[in-house]
Amino acid sequence: MVPIRTVQRIWKQAKDTSNDEEVNVSHKKTGRCGRKKIQLDLNQVMEIPLRKRTSLRSLSMGLGIATSTLQKRVKEGTIRRHTNAIKPGLTDENKIDRLKFCLSMLEKDSLVHEPKFIDMYNIVHIDEKWFYMTKQTEKYYLLPEEEVPHRTCQSKNFLTKVMFLAAMARPRFDDEGNETFSGKIGVFPFVTLQPAQRRSKNRDAGTLELKALTSVKRKDIKAYLIEKIIPVIHERWPIEDRGKTIFIQQDNARTHVECDDKEFQEAASKNGFDIRLMCQPPKSPDLNILDLGFFSAIQSLQYQACPTTVEDLVHAVEDSYDEYSSEKYDFFSCYVRVKLPFIIEEQLIQIEVAFDTVENLVNRQIIFIFSLLFLFGEEEPLLVGRRRKKEMSDHHQCTENPPKLDPNSGSGHVEKLGGLESYVCGSTQSKLAVVLVSHVFGYETPQLRKLADKVGEAGFYAVVPDFFHGDPYNPVNEDRPLPIWIKDHTQEKGFEDSKPVVEALKNKGITTVGAVGFCWGAKVAVELAKEELVKAVVLLHPSRVTVDDIKGVKVPISVLGAEYDQVTPPELVKQFQDVLATKPEVKSFVKIFPRVKHGWTVRYDPNDPSEVEAAEEAHKDMLVWLTNHVK
């Protein structure tokens, strides 16, 4: 009820206002006035079980807040509505099967350089689906005066339906975008012609009428494959690809034909074709273009035809199948290809592969690692130990921007030391030495030797041994990709080779030795630190150094990492820092350089001022550490 004085005030204000002006009857209060906003405790919301948060009414009862207040919070975005669907429960075996399937889709010839997936033009997807005469619930848009439709059936739980077997391949287009092959093999109804048992007003007894099969068995699927799908493939398949293997992909339904079925193989090998059956992983409808959206699309078109008989329903589905645009369903094939790397990433995360950080999983080279494990016959690649994965890995950043090797670079010379050819520089009278352990490109890297010269000028006897015995990694050699090359040059072997070098330096009168490791060499340096064979170490953009390695370090250590490092990402470097913080007896220095990536200290672009500046800053930090602790 509005007070009479308020009405009188508004009436007087209207009388005092001319006819051409608007009357503002709002209150004159300013600042924080009016009803106070009811605050919502978000922590209290999270404490309420999900089963009691299925409606605003149940949530309001749990919070003791009015439903209208919650509606306002939903509108402003404080609370959001989420529809949750039940998804197939995947066991570890299911996840491994999904991973293997995705890896089998990689082009084997692309594994050495840049892994990529096949185009899937040789795969025919098949699946069955029930198509219903009508929906149980339908939505219409009516005028106010229109009558509500009255739909009836004998039983809403037993609507007339027909099962169809659909077969689809990926469509093909020429350079101008013209369709050269639609990819449509066909959609085949499981129906039979049966004579009518009784007379009706629509037909006489004995008239043949179409009846849907109520149960489809394996023999029916096999018959349709052999008698319908294979002949259509023989007839319509592009001539230029008839010599290639064609795969028919099916799910793992019990009614489906075994992949080694002899009758199928006999029919599939006719006319010079090589057609084989393959099964997608269990509980993986997202890997079949029919389940991804094609069935739903043609079903929505079929409902618009409003069939009233089984024959009408069959024609409606077949017409919808034929009319559906090839450009549209090619999207589903492309979506499967795009989804493959994400499935690989998802399954790796769910099975909890023992990598240091999730960022390593995103690295596209992980696809390469597991492809090798899968293709080389590992029964369960995800169950292989961490060490094996690390040995096989081909970190893309480790091989980026390969240097042009120059055996004559640097101001020093090469001599034999501890059984290894070594680049040496600096004063031979110095009692302090630093061993620089190279990356995979070896000791002839000009920028590495230039850095060794800086170490020599700082008063140290600098040594860069050739741990690869004249066989550094060569990215041009396609016969020896990094995973193969590294088997002959493991970091464990490098550590063993480093011991005679340190011993030889001490025999020359050196009293104190430090070590610096770059990428591959960081693991060697950290092993020397664990055995206390050196007085201090510096790790620059390390590779394959683990938290356990850092835990075992017994001498002063400096770790210089990069912000954009996929091999040893910043998160792992921070773990190193946390471990070293618990070891006050070991002096440490950890730094992450911004806006640089793995290898920036010895593989930088000399024409890029920012890269040169970042590299020189790291060199300075390295020299300061060595000066303070190698003495």
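Preceding this paragraph is the structure being described.
Residues numbered from 1 in each chain as written. Predicted model: local features only at pLDDT ≥ 70, side-chain atom pairs only at ≥ 80, totals over all residues. Heavy atoms only, no water.

Some points on empty space enclosed by the protein
Step number 1: This model, assessed by the stated rule, comprises two cavities of 30 Å³ or more.
Step number 2: Taken together, Met120, Ile123, His125, Ala169, Arg170, Ile289 and Ser333 form the lining of the second largest cavity.
Step number 3: The residue makeup of the lining of the second largest cavity, split by class, is four nonpolar, two polar and one charged. (1 Å grid on protein atoms, 1.4 Å probe; cavity = no way out; pocket = protein on both sides within 12 Å on 5 of 7 lines; lining within 4 Å. Points joined across faces, edges and corners; volume = space filled by probe spheres on them. Nonpolar A, V, L, I, M, F, W, Y, C, P; charged D, E, K, R; others polar.)

Remarks on the packing of helix α8 (residues 289-303) against helix α9 (residues 310-323)
Step number 1: Where α8 meets α9, the closest approach of the two axes is 8 Å, and the angle between their N-to-C directions is 125 degrees. On the basis of the axis angle, α8 is oblique to α9. The way α8 lies across α9 gives a crossing that is right-handed. Packed against α8, whose contacting residues are Phe294, Ile298, Leu301 and Gln302, the element α9 presents Leu313, Ala316, Val317, Ser320 and Tyr321 at the interface.
Step number 2: Of the residues in the contact of α8 with α9, the class split is seven nonpolar, two polar and no charged. (Axes fitted to C-alpha atoms, helices over the stretch in contact; angles between N-to-C directions. Helix = DSSP H or I, 4+ residues; strand = E, 2+ residues; numbered from the N terminus. Parallel < 35°, antiparallel > 145°, perpendicular 65-115°, else oblique. Left-handed = near helix turned anticlockwise from the far one by under 90°. Contact = heavy atoms within 4.5 Å.)

Remarks on the sheet that holds strand β8 (residues 245-250)
Step number 1: Here five strands make up an open sheet; going across it, the order is β5-β2-β1-β8-β9 and the pairing mixed. In this open sheet, the two edge strands, each paired with only one partner strand, are β5 (184-189) and β9 (274-279). Averaged over all adjacent pairs, the angle separating strand axes in this sheet is 25 degrees, with direction ignored.
Step number 2: Pairing of β8 with β9, which is carried by six bridges, proceeds in the parallel orientation. What sits directly across from glutamine 250, in β9, is cysteine 279. (Pairing = 2+ DSSP bridges.)

Some remarks on unusual backbone geometry
Step number 1: For asparagine 401, which is not glycine, the phi torsion reads 50 degrees and is therefore positive.
Step number 2: Mapped onto the secondary structure, asparagine 401 falls in the loop between α13 (386-392) and β10 (413-417).
Step number 3: Overall, asparagine 401 belongs to the partly exposed group, its relative accessible area being 46%.
Step number 4: If you check the backbone angles, histidine 541 has positive phi at about 35 degrees while not being a glycine. (Buried < 20%, exposed > 50% of the residue type's maximum accessible area, 1.4 Å probe, protein only.)

What about the sheet that holds strand β12 (residues 432-437)?
Step number 1: Taken together, eight strands build an open sheet; the order of strands is β10-β11-β13-β12-β14-β15-β16-β17 and the sheet is mixed. Only two strands of the sheet have a single neighbouring strand rather than two, namely β10 and β17 (588-597). When strand polarity is set aside, the average angle formed by the axes of neighbouring strands in this sheet is 25 degrees.
Step number 2: By the bridge criterion, three bridges tie β12 to strand β13 (residues 461-465) in an arrangement that is parallel. The partner of valine 434 across the bridge, within β13, is alanine 462.
Step number 3: Helix-sheet contacts for helix α20 (residues 609-629) involve β12, β14 (512-518), β15 (536-540), β16 (557-564) and β17, and the interaxial angle to β17 is about 170 degrees.

Regarding the pattern of salt bridges
Step number 1: Applying the stated criterion to the full structure yields 27 salt bridges.
Step number 2: Ionic pairing is found between aspartate 330 and arginine 170, a salt bridge with its closest N-O pair at 2.9 Å. Of this pair, aspartate 330 sits in helix α10 (residues 326-350) while arginine 170 sits in the loop between β2 (161-169) and β3 (172-173); the two residues are 160 residues apart in sequence, bridging distant segments of the chain. Each member of the pair, aspartate 330 as well as arginine 170, carries the same accessibility label: buried.
Step number 3: With its nearest N and O atoms 2.6 Å apart, the salt bridge here joins aspartate 549 to lysine 523. On the criterion of sequence distance, the pair formed by aspartate 549 in helix α18 (residues 547-551) and lysine 523 in helix α17 (residues 520-530) is long-range, its members being 26 residues apart.
Step number 4: One network of salt bridges, in which partners are shared, links Lys523, Glu527, Lys530 and Asp549. (Salt bridge = Lys/Arg side-chain N within 4 Å of Asp/Glu carboxyl O.)

Thoughts on the layout of surface pockets
Step number 1: Within this model, the largest pocket holds a volume of roughly 1100 Å³.
Step number 2: What lines the largest pocket is a set of 34 residues, and nearest its centre among them are Met133, Thr160, Thr308, Thr309 and Val310.
Step number 3: Listed by contribution, the elements that provide at least two residues to the lining of the largest pocket are β7 (208-212) and α9.
Step number 4: Among the elements that take part in the lining of the largest pocket, β7 stands out by supplying five residues, more than any other.
Step number 5: Each residue belonging to the lining of the largest pocket can be placed in one class, and the counts come to 15 nonpolar, 10 polar and nine charged.
Step number 6: By volume, the second largest pocket amounts to about 700 Å³.
Step number 7: Lining the second largest pocket are 16 residues; nearest its centre among them are Arg53, Ile79, Arg80, Arg81 and His82.
Step number 8: Elements that contribute at least two residues to the lining of the second largest pocket include exactly α2 (42-47) and α3 (56-63).

Comments concerning the packing of aromatic side chains
Geometry of an aromatic ring pair is reported as the spacing of the ring centres plus the angle between the planes.
Step number 1: In this structure the tally under the stated criterion is 13 aromatic pairs.
Step number 2: Aromatic side chains phenylalanine 294 and tyrosine 324 sit 5.5 Å apart centroid to centroid with 85 degrees between the ring planes, which places their arrangement in the edge-to-face category. One end of the pair, phenylalanine 294, is in helix α8; the other, tyrosine 324, is in the loop between α9 and α10, and 30 residues separate them in sequence. Of the two residues, phenylalanine 294 and tyrosine 324, neither departs from the other in class, the shared state being buried.
Step number 3: Three or more aromatic residues joined by ring pairs form one cluster here, namely Phe441, Phe467, Phe468, Tyr473, Trp485 and Trp520. (Phe/Tyr/Trp six-rings, centres within 6.5 Å; stacked < 30°, edge-to-face > 60°.)

In short, the description is geometric, and any link to function would need to be established separately.
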